[in-house]
Amino acid sequence: MTRLGRDPQLEATARNLFISLGAELPAVHVKVEWSNRLRSAAGRANSRQYLVLLNPLLCAHGQAEVDRTLRHELAHLLAHFRAGRWRIRPHGPEWRRACTDLGIGGESRCHTLPFPVLRRARPYLYVCPSCLGEFRRTRPLRRASACLACCRAHNRGRYHERFRLRKVDR
Ligand SMILES: [Zn+2]
Ligand SMILES: [Zn+2]
């Protein structure tokens, strides 16, 4: 069974975790969605949108793996919320502390753990900050590139900084 779309049950789990940690805004706004926009990543978080995407392939790895990945991504939202206007590194000390608070202390920064490594041919991974779509390249991007789908949907097909692809370090 392939799951897609928002998951009310996981959203309730996320809400309760945030409430127990006194993180009110994330508790109110958090959305958890199964998405086939993720290919190799188990999950991904957009802290500004309070959005967590999960890879439907995760289901094959059992409920424990789903729960761990959910908490990994929620830790990104929690760390971002606590940092306020301060910029923090994605898997820095603030994130590690959030992991501990969410019951997954010692979490690895790797999002791809349960999946086979089959992406040597295109090792450079970029992500659109808006739709969280993945883009793989054989070489690093030389100039600023934006997500075409988002530029088309929101900016009449023209480049906008908001949709500029960000490199994901692995
Ligand atoms: Zn992460
Ligand atoms: Zn996009």
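Residues numbered from 1 in each chain as written. Chains lettered and ligands numbered in written order. Predicted model: local features only at pLDDT ≥ 70, side-chain atom pairs only at ≥ 80, totals over all residues. Heavy atoms only, no water.

**A look at the overall build of the protein chain**
And then number 1: Counting secondary structure elements, the protein chain contains 5 helices and 7 strands.
And then number 2: When the helices and strands of the protein chain are placed in sequence order, the string is β-α-α-β-β-β-α-α-β-β-α-β.
And then number 3: Relative to the compact-globule value of 15 Å for 170 residues, the protein chain shows a C-alpha radius of gyration of 16 Å, a close match.
And then number 4: Over its C-alpha atoms, taken along the principal directions, the protein chain stretches across nearly 45 × 35 × 30 Å.
And then number 5: When each of the 170 residues of the protein chain is scored for burial, the buried share is 42%.
And then number 6: Put simply, of all contacts in the protein chain between residues at least 6 apart along the chain, 50% involve residues at least 24 apart. (Helix = DSSP H or I, 4+ residues; strand = E, 2+ residues; numbered from the N terminus. Rg over C-alpha atoms; globule rule 2.2 N^0.38 Å. Buried < 20%, exposed > 50% of the residue type's maximum accessible area, 1.4 Å probe, protein only. Contact = heavy atoms within 4.5 Å.)

**Structural notes on the coordination of the zinc ion (ligand 2)**
Four donors placed tetrahedrally about a metal ideally form angles of 109.5 degrees, and six donors placed octahedrally ideally form angles of 90 or 180 degrees.
And then number 1: Distances from the zinc ion (ligand 2) to its protein donors, Cys 128 (SG), Cys 131 (SG), Cys 147 (SG) and Cys 150 (SG), fall at 2.3 to 2.4 Å.
And then number 2: In this structure, the zinc ion (ligand 2) is coordinated by 4 donor atoms arranged in tetrahedral fashion, with angles at the metal of 104 to 114°.
And then number 3: Counting along the primary sequence, the residues that act as donors to the zinc ion (ligand 2) give the motif C-x2-C-x15-C-x2-C. Residue Cys 128 is found in the loop between strand S5 (124-127) and strand S6 (134-137), and its partner Cys 147 is found in the loop between S6 and helix H5 (148-154); the two are separated by 19 residues along the sequence. Of the two residues examined, Cys 128 and Cys 147, each falls in the buried class. (Donors = N, O, S within 2.8 Å, 3.2 Å for Na, K, Ca; no water. Tetrahedral: all angles 85-135°; square planar, octahedral: opposite > 155°, others 65-115°.)

**A word on the pattern of salt bridges**
And then number 1: Within this structure, the stated rule accounts for 9 salt bridges.
And then number 2: A salt bridge links Arg 6 to Glu 11; its shortest N-O distance comes to 2.9 Å.
And then number 3: We note a salt bridge from Glu 134 to Arg 136, for which the minimum N-O separation is 3.7 Å.
And then number 4: Taken together, the shared-partner salt bridges in this structure form one network comprising Arg 44, Glu 134 and Arg 136. (Salt bridge = Lys/Arg side-chain N within 4 Å of Asp/Glu carboxyl O.)

All quantities given are derived from atomic positions and should not be read as evidence of function.
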